[in-house]
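Overview (structure and organization)
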Amino acid sequence: MSIHGCIPKEILTSFKKMRGFRLLVKGEPGTGKTLFVLTLCKALKDKCTPFYITTRVTPEELYTDYPFIKDFLSSKNILDAVASTAVSPPEDLATVFKFSDKPAFLQQLYTLAKNAEKPALIVIDSLEALKSNLNIMHESFSLEEALFEVSRDLKGNLVFVSEKVDITPVDYMVDGIVVLGKSKEERLIRYLQLVKIRGIEIENPTPIFTLINGEFKTLHFQVRSFYDDVINLGLKTFNYIKSSANFISTGIKYLDKILDGGYWNGTLNLVEIRKEVGDRYDYLYLPTIINHILNEKSVFVVPPAGIPVEAFKNMLTKLTPTVSTEKFNELVRLVRFTKKIAYEEETFDPCVLNLMGENIVDDYEKIKLTVSEIRSKGKPTLIVLGLDTMQQIYGEEELSSIIGTLVIDAKQAGDVLMCLVKYGQKRIIDVLNHLADMHFVINTHEGTVLTYGVIPYTPNLHPSIHVEEEKYEVKLTPIV
């Protein structure tokens, strides 16, 4: 089970709720319109009989480009609007008179659809090409009206594909309008706008989608963080990945593949978090920590700003329920910045390193000593630093002065260093960017979380939770 679907639920609900639903799909060339309507046909195949009207491709070409349609779109239901020839007229005279002056493909379509076992789903791809090939002026809407008449007679559904994104009279004639688009600022983003869906409340008007593996897939709109999703879904067992002697797994299979195995020993891995991400950036770092603990390796963490050390420890223990308290205390160290250092027996926590936060050089010596101690319990140590927290405590100047030393020490020890840096920390980002072996950016588009690699270069990737055989993992879906 993965938490994303193919077609937005608002569109599917409309077709299932309303007989004779008419949808207009708009977008410039290359935005994925044909793949969208064919995926829609697949999603509705149990409710409708699809008919695909084209002027551009043969059934053989369509099957070659989109092999998945063979299971639900018969070659006889793929009609060439120009090459179609008139068929024997239907039996009732009213229909004969109604369609006798219409193009031959309409007569053929009507006859085929009338004899279909399920209501027709008629797809016209595309309106502009069809009009040109039939020598119908683009200003005329006689073709659309004739198709509306066919769908009404058949009580079937109708989908128009248009390469015009501006408003035309057809916009006012249909029940729903979908506009597909794409943009490329730092990386390619494909988006879908639900402009109008009659009678349906639209939950997410601008979902992101991908055309991966030749299929149209809408991507999940994340409301919660990775941790909150795991707890909300009642998930217990993380599908952890074995690390090797030379690198640690990221805990995410796709990311391991990109990084040739995972985070290599002695590397600096920079995670840059942009605005409006909230706490959902944990999709990229929490799986790594969980996976490392489940490999019985040591972890040292300065929690990101806004997460108290007690809350962070509680998160990790809930995410690693199979790890005993004794083993957890042996492997994990979390930093708490406090002016009051208490070592009373009743308050002492072996997982917590208390630091005053007054002098970064003195505190760093304590950090090095602690990392050295836990490294002997399970090396390499994964060191995760919330640099927003450290900047709040020590200031930008002090933090910048020690970053180089911190990176060199981690590399020489063969540890894996992960630095979490947030927007507003431009100076820190600039320093680390020159030292980083890996650099990922986490961003959002219309509320949907995306990440992409700067080093190494990757397309936009969408994180989601995938569950199989009662084990969960994070999947990254590329936007292509």
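Bear in mind that the values here come from a model prediction, so they are computed numbers and not experimental data.

Now for the pairing of strand β6 (residues 176-184). Two faces belong to every sheet, and in a regular strand the side chains alternate between them. Bridge count for strand β1 (residues 22-27) against β6 is five bridges, and the pairing is parallel. Within β6, the residue paired with Gly27 across the bridge is Leu180. One ladder, built from nine bridges, connects β6 with strand β7 (residues 188-197); its direction is antiparallel. Bridged to Ile177 within β7 is Lys196. Hairpin connection of β6 to β7: three residues between the antiparallel strands.

On to the pairing of β1. Burial analysis of β1 places six of its six residues in the buried class, which makes it a mostly covered element. Residue alternation in β1 divides its side chains into two sets, Arg22, Leu24 and Lys26 and Leu23, Val25 and Gly27, and both sets are buried. Bridge analysis of β1 against strand β5 (residues 157-162) gives five bridges, and the strand direction is parallel. The partner of Arg22 across the bridge, within β5, is Leu158.

On to the side chain of Asn291. Tracing the backbone shows Asn291 in helix α11 (residues 282-294). The contacts of Asn291, once residues within four sequence positions are left out, are Phe238, Tyr240, Ile241, Ser243, Ser249 and Gly251.

Once that is clear, we can look at the sheet that holds strand β4 (residues 120-125). On the basis of which strands lie adjacent, the open sheet formed by seven strands has the order β3-β2-β4-β5-β1-β6-β7 and mixed pairing. The strands lining the two open edges of the sheet, one partner per strand, are β3 (78-80) and β7. Strand-to-strand twist of the sheet, defined as the mean angle between neighbouring strand axes without regard to direction, takes the value 20°. The pairing of strand β2 (residues 49-54) with β3 spans three bridges and is parallel. Looking across to β3, one finds that Thr54 is bridged to Asp80. The sheet contacts of helix α2 (residues 33-43) involve β1, β2, β4, β5, β6 and β7, and relative to β1 the element is tilted by about 150°.

Put simply, α11 and helix α12 (residues 309-319) touch, their axes get as near as 10 Å, and they point 60° apart. Put simply, α11 runs oblique to α12. Crossing handedness for the pair α11 and α12: right-handed. For the pair α11 and α12, contact is made by Tyr285, Leu286, Ile289, Ile290 and Ile293 and by Phe312, Met315, Leu316 and Leu319, respectively. Residue classes in the contact of α11 with α12 are distributed as nine nonpolar, no polar and no charged.

Under the definition given, this model contains 11 aromatic pairs. A ring pair is formed by Phe36 and Phe216, whose centres lie 5.0 Å apart and whose planes are at 75°; its orientation type is edge-to-face. With a gap of 180 residues between them, Phe36 in helix α2 and Phe216 in the loop between β8 (209-210) and β9 (217-218) connect regions that are remote in the sequence. Summarising the burial analysis for this pair, Phe36 and Phe216 share the class buried. Within the aromatic cluster, the residues linked to one another by ring pairs are Phe226, Phe238, Tyr283 and Tyr472.

The rules we used
- Residues numbered from 1 in each chain as written.
- Predicted model: local features only at pLDDT ≥ 70, side-chain atom pairs only at ≥ 80, totals over all residues.
- Heavy atoms only, no water.
- Pairing = 2+ DSSP bridges.
- Helix = DSSP H or I, 4+ residues; strand = E, 2+ residues; numbered from the N terminus.
- Buried < 20%, exposed > 50% of the residue type's maximum accessible area, 1.4 Å probe, protein only.
- Contact = heavy atoms within 4.5 Å.
- Axes fitted to C-alpha atoms, helices over the stretch in contact; angles between N-to-C directions.
- Parallel < 35°, antiparallel > 145°, perpendicular 65-115°, else oblique.
- Left-handed = near helix turned anticlockwise from the far one by under 90°.
- Nonpolar A, V, L, I, M, F, W, Y, C, P; charged D, E, K, R; others polar.
- Phe/Tyr/Trp six-rings, centres within 6.5 Å; stacked < 30°, edge-to-face > 60°.

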